[in-house]
Each structure stands twice: as structure tokens, then as C-alpha cells.
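Remarks on the overall topology
Spelled out from the first residue to the last, the chains are:
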Amino acid sequence: MIEAPHVSVAVPPAQGGPAPPPVRQRAGRFLVLATVFICAACGLVYELELVALASYLIGDSVTQASVVLSVMVFAMGVGSLLAKRLRWRAAVGFGLLEAALALVGGCSALVLYATFAWVGESRYALVGFSLAIGVLIGAEIPLLMTLIQRISRRAEQDAGGTVADLFAADYVGALVGGLAFPFLLLPWLGQLTSALLTGAVNAVAGGALVLWLFGRDLTVRARWLLVVANVTVLGVLATATVLADDFERSVRRAVYGERLRVAVQTDVQEVVLTGGAGEPPELFLDGRLRVSGRDEHRYHRALVHPAMRGPHGRVLVLGGGDGLAVREVLRAGVESVTVVELDPGVVRLARQDPALARLNGHAYGDPRVRVVYGDAFAWLRETAASGAPYDVVVCDLPDPGITASTKLYSAEFYGLAGRVLGAGGRLAVHAGPMASRPRTFWTVDATLRSAGFTTRPYRATGRLSGFAAGPDRSTDGGSVPDDWGFLLAARGQPPPDPAAVAGVRPVVGTRPADLPPSTLVHPRYGE
């Protein structure tokens, strides 16, 4: 798939000569290539499943994708070398190989979820599955090359052409698997069931090819071994599929506790709401605490109210689909509020869930509030050249440490935000915890300044959630933040002093000199 391992084309002689296939050579060749296509599609689904799970469970999608793909490609080379020992028994070897790959790949999501929930660490399991799946995938092509040469004289006479056909089927299958995962499997079946179904397809394809097309070459013992292995694997995968919903509920309770109330998978992310009757709710997005009802008022008050010191008739809120920043904006007395939120599911929950709607003061029921669904960066690009300017822009966005959010903390993004601000307008930015991640905080400051803003840094204390992720959705070496850091920015004149707002504190430390800004082509967060 990602890189094809080197293939040796020499065919070992079969003892006594292979039995004639049950189909014509052209049909047999087509069946082998069809199996290559299916196995390649399944293999790429396993890869993407590991990348998606690693990004969700561990975070930092760039790092996790690099680890999974590099380890897997290395393991594919190892698997290609190990396959030399199986070429003398290529048929039974390939059948058992596919059964093992179906079991390991199909159950990978379940095991990763389980280690995350009950062990608390899934990195080692991730590397282990990447190695195992890579070794098994790497051994496929050498064995299939041996099988196709055994069934087709053309393959023996034109080894180069046969290699080209195998790789073409492999790459096209990888394309289909790569497109099927995000557009069909993940939205319709979810991560667990899609991996299990892929494993079942993998086992059926490999077992059927060997038992039907090469069954006459196998001993009775080998045939029974393949049948038992494939039936066992299919039984395990079927049982896991039936129990997948119960397993997922158990994992969520292990992660979020017995106070779990709502768990939905939207088109964007997993949204979880916890909190018992009469307790403040907690909102998790993709496993990271976004809102804690115990201390969110300190965070949102510090984010919004310093920017309200001045004209604030028209306000733009980027992110903040939970409605809590909108609540604070409405309290300041405004003419209109526009909310740009990526996930309609979060806004729907903020409207309809009694506890969350009560926490945000039923902000979305206010006629002054207008909601736009879409990516904040793309929306600013489309809106910057048209429409009335805003007096205040509030950025209530995921932390810059989350890879997908780095563009929302780039110089280009702040340049677009500045274009929608009117004269004397202010931009309020949440920049992560000041005390525990000062470099990230000051990088946001340097990025704002590079976009032409004058900034005033400040922070808010009193963080009670005790969650390392918190509203920032990231951690720094596992330390638990005890504050929130903010920047108030303006163009043409200094922004008002945030210290006039109750609960706001001065920053700790001084601004570093010559800290480079973060841009789209060179993101600096996490360095």
C-alpha cells in the first residue's frame, strides 16, 4: 500500500508438481488479482483505523500518523523478508497469514480502546499493532507472487508484467480502502464495527482463494487447519461485533465514570456530556474536557468581558458552540451576535440538553443570536471582503496544541480576523494555560503581533476541574493547568486594560524576545 516491499520472482518447485486448478488460467489469474485488491483495501483500512484511533486517544495527529506509517512501512519490509520461509508452502502460508491479519487488524480498535480505558496508556499497544499488521501485510505480495506464477504460465514467462499487475491491483485496492474508510465505514459503522467487518472480509477473501483455487495442492491436514483457523477467526470477529455496543458503553463508563448522560458521534467528533441530577455538567469533545460546570464561568467571563470595554454592538464568536461565551456576550448588552461553529451537534446539544441549556442561560433562544455552521478559517475568508464590520471578535477555539487547530492560531487567521474588525475593534483570544505552557502562550502573542495587532496578555485563576486537558484540550508533559491564559488585541491603538475586569490577573513572566510567529506553512506550536 504505502510502499511495496521488494518482491523476488523466483518460483520454488512444488514437490510432485501442483495439481491443475479448478478454473482456466485467465480466471485463476483474475481471482488472485481480485484477492490482492481486497487485501490491499483491508490493509489500508487497518492503517487508517490506527491513525484515527491514535489521534483520538493520544492526540497530535501529525505525530501519531508519522509513528503508525513509519513503523508499519518498516514492518512491511521485515514481513517481505520473512515471507521467504513460507514460499515453499505458499498456499497454506497465505491462508494462515490472512487469518492472522484479519484477527489482529479486526480486533486492533477494541484492544486500543481497552488499553486506553483500563490501563490509561495506549501508545505501546499502538506501536505493537503497527508492527504486527505491517509484518503481515508485507508478507502478502511475495506469497501472492508465488501463487499467481503457480497458476499461470504467462506469469512464469513474464515476471515483470506480473509484478506490475500485482502492484496495480494493490494500489487500486488501497485507493478504494482509503476512500471507503472516511466516507462509508467510519460514518456508518463507527471505528469498532468497521475494523471488525474489514477483518471478516479479509479472512473470507484469503481463505476462499486458498481453499478453492489451491485446495487440491493442500494436504488434508492443511485444509482442516485453514478451515478451523478461518472459522475461529470469523467466530471471534462475529462475537465481538455483537458485543461492540456493550463494550463501547463499558469503555465510556470506565473513562467518564457512572455520571455519563449523553454520548453521540457527530459528523465531526464524539460529544459526551456527564453530570448527575443537580450537578454541574461536563462536556467532552473527542475525549477531552471542553467545559466543566464548576469553573467555566471564570474562564468565559475572563475571555469575553475585557473585550467588551468599548463599543460592542456587533460581536462575532468563533467556536464556542456550547453557548457559554455567547451567554457572557449577551450579558454585556449587544445588538447582535454571530456564532461560527464547526459542529452542529454541539449547538444542538447546547439547545436541547436541559442541564447545558440552563448553564448557558438558553443563549440560543435569544433572537439576537445567529448561528453559522462551518470552519472558522474558511468563513472568515469568504466574509472578510463583505458585510458590516464587527466591534468585537471572540475566539473560543480548541487549544493550539491540537494539530487540527493550529491554523486557527496562525498569522494568516489573525490577518483575516483583523479584516472583519471595525475601527477600534478588539480581538479576544484564548491562548492556553499561561503557567504550565508559557512558550505556547507567547507564541500566540508573537503571532498576533506579526499580524499587526497590539496585545495585552492576562490570565484567570481559580481552575477547579483538575483535568489536564481542560478547556485547552491538550497537556504539557501531563501537568495539570491551574489557570487560563488570554490575549486582548487591537489594531491602530492599544486595547483596553483587562485588569479592570473582576477575576483577571496579570501574566507571570515577561514576553520572550524574538519568538517567531506561527504560520500555515510553519506551525510553531508544540515545538
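Residues numbered from 1 in each chain as written. Predicted model: local features only at pLDDT ≥ 70, side-chain atom pairs only at ≥ 80, totals over all residues. Heavy atoms only, no water.

On to helix H7 (residues 159–213), then. In this model, H7 (55 residues) spans only 21 Å end to end at C-alpha, well below the 81 Å of a helix rising 1.5 Å per residue. For H7, the principal kink sits at Gly 190 and spans about 115 degrees. (Helix = DSSP H or I, 4+ residues; strand = E, 2+ residues; numbered from the N terminus. Expected span 1.5 Å × (residues − 1). Bend = angle between axes of the 7 residues up to and from the residue.)

Ordered in space as E1-E2-E3-E4, the 4 strands form an open sheet in which the pairing is antiparallel. At either end of the open sheet lies a strand with only one pairing partner, and these are strand E1 (260–265) and strand E4 (288–292). Across the sheet, the axes of successive neighbouring strands diverge by a mean angle of 20 degrees, strand direction being ignored. Against the sheet, helix H9 (residues 244–256) makes contact with E1, strand E2 (270–274) and strand E3 (282–285), and its axis sits at roughly 60 degrees relative to E2, the strand it touches most. (Pairing = 2+ DSSP bridges. Axes fitted to C-alpha atoms, helices over the stretch in contact; angles between N-to-C directions. Contact = heavy atoms within 4.5 Å.)

Here the focus is the side chain of Glu 282. Note that Glu 282 resides in strand E3. Although buried, Glu 282 forms no salt bridge, and the nearest oppositely charged side chain, Arg 294, lies 4.0 Å from it. Those residues in contact with Glu 282, other than ones at most four positions away along the chain, are Arg 259, Val 272, Leu 273, Thr 274, Leu 289, Val 291, Ser 292, Gly 293 and Arg 294. (Buried < 20%, exposed > 50% of the residue type's maximum accessible area, 1.4 Å probe, protein only. Lys, Arg positive; Asp, Glu negative; His and termini not counted. Salt bridge = Lys/Arg side-chain N within 4 Å of Asp/Glu carboxyl O.)

This part takes up unusual backbone geometry. A positive phi is found at Asp 286, a non-glycine position, where the angle reads about 50 degrees. Along the chain, the position of Asp 286 falls in the loop between E3 and E4. Owing to a relative accessible area of 24%, Asp 286 belongs among the partly exposed residues under this scheme. For His 362, which is not glycine, the phi dihedral falls at a positive 50 degrees.

So, on to the sheet that holds strand E7 (residues 369–373). Strand order in the open sheet formed by 8 strands is E7-E6-E5-E8-E9-E11-E10-E12, and the pairing between neighbours is mixed. This sheet does not close on itself; its edge strands, each paired only once, are E7 and strand E12 (504–505). Bridging between strand E5 (residues 314–319) and strand E8 (residues 390–396) involves 5 bridges; their strand directions are parallel. Pairing of Gly 319 across the sheet is with Asp 396, part of E8. Sitting on the sheet, helix H11 (residues 324–331) is in contact with E5, strand E6 (336–341), E7 and E8, with an inclination near 170 degrees to E6.

Attention now goes to the packing of helix H3 (residues 90–119) against H9. Relative orientation of the contacting elements H3 and H9 amounts to 25 degrees, with a least axis distance of 8 Å. Accordingly, the angle class assigned to the pair H3 and H9 is roughly parallel. For the crossing formed where H3 meets H9, the hand is left-handed. On the side of H3, the interface is formed by Leu 110, Tyr 113, Ala 114, Phe 116, Ala 117 and Trp 118, while H9 contributes Phe 247, Ser 250, Val 251, Ala 254 and Val 255. Taken together, the residues that form the contact of H3 with H9 break down as 10 nonpolar, 1 polar and no charged. (Parallel < 35°, antiparallel > 145°, perpendicular 65-115°, else oblique. Left-handed = near helix turned anticlockwise from the far one by under 90°. Nonpolar A, V, L, I, M, F, W, Y, C, P; charged D, E, K, R; others polar.)

Per-residue pLDDT for the protein chain averages 88, and the proportion of residues at 70 or more is 91%. Note on residues 2–16: pLDDT is under 50 here. Beyond four places in sequence and across chains, it has 31 contacts. (pLDDT = per-residue confidence, 0-100.)

Next up on the list: the side chain of Gln 64. Tracing the chain through its elements places Gln 64 in helix H2 (residues 61–82). Classification of Gln 64 as buried rests on a relative accessible area of 8%. The contacts of Gln 64, once residues within four sequence positions are left out, are Ala 54, Ser 55, Ile 58, Gly 59 and Leu 126.

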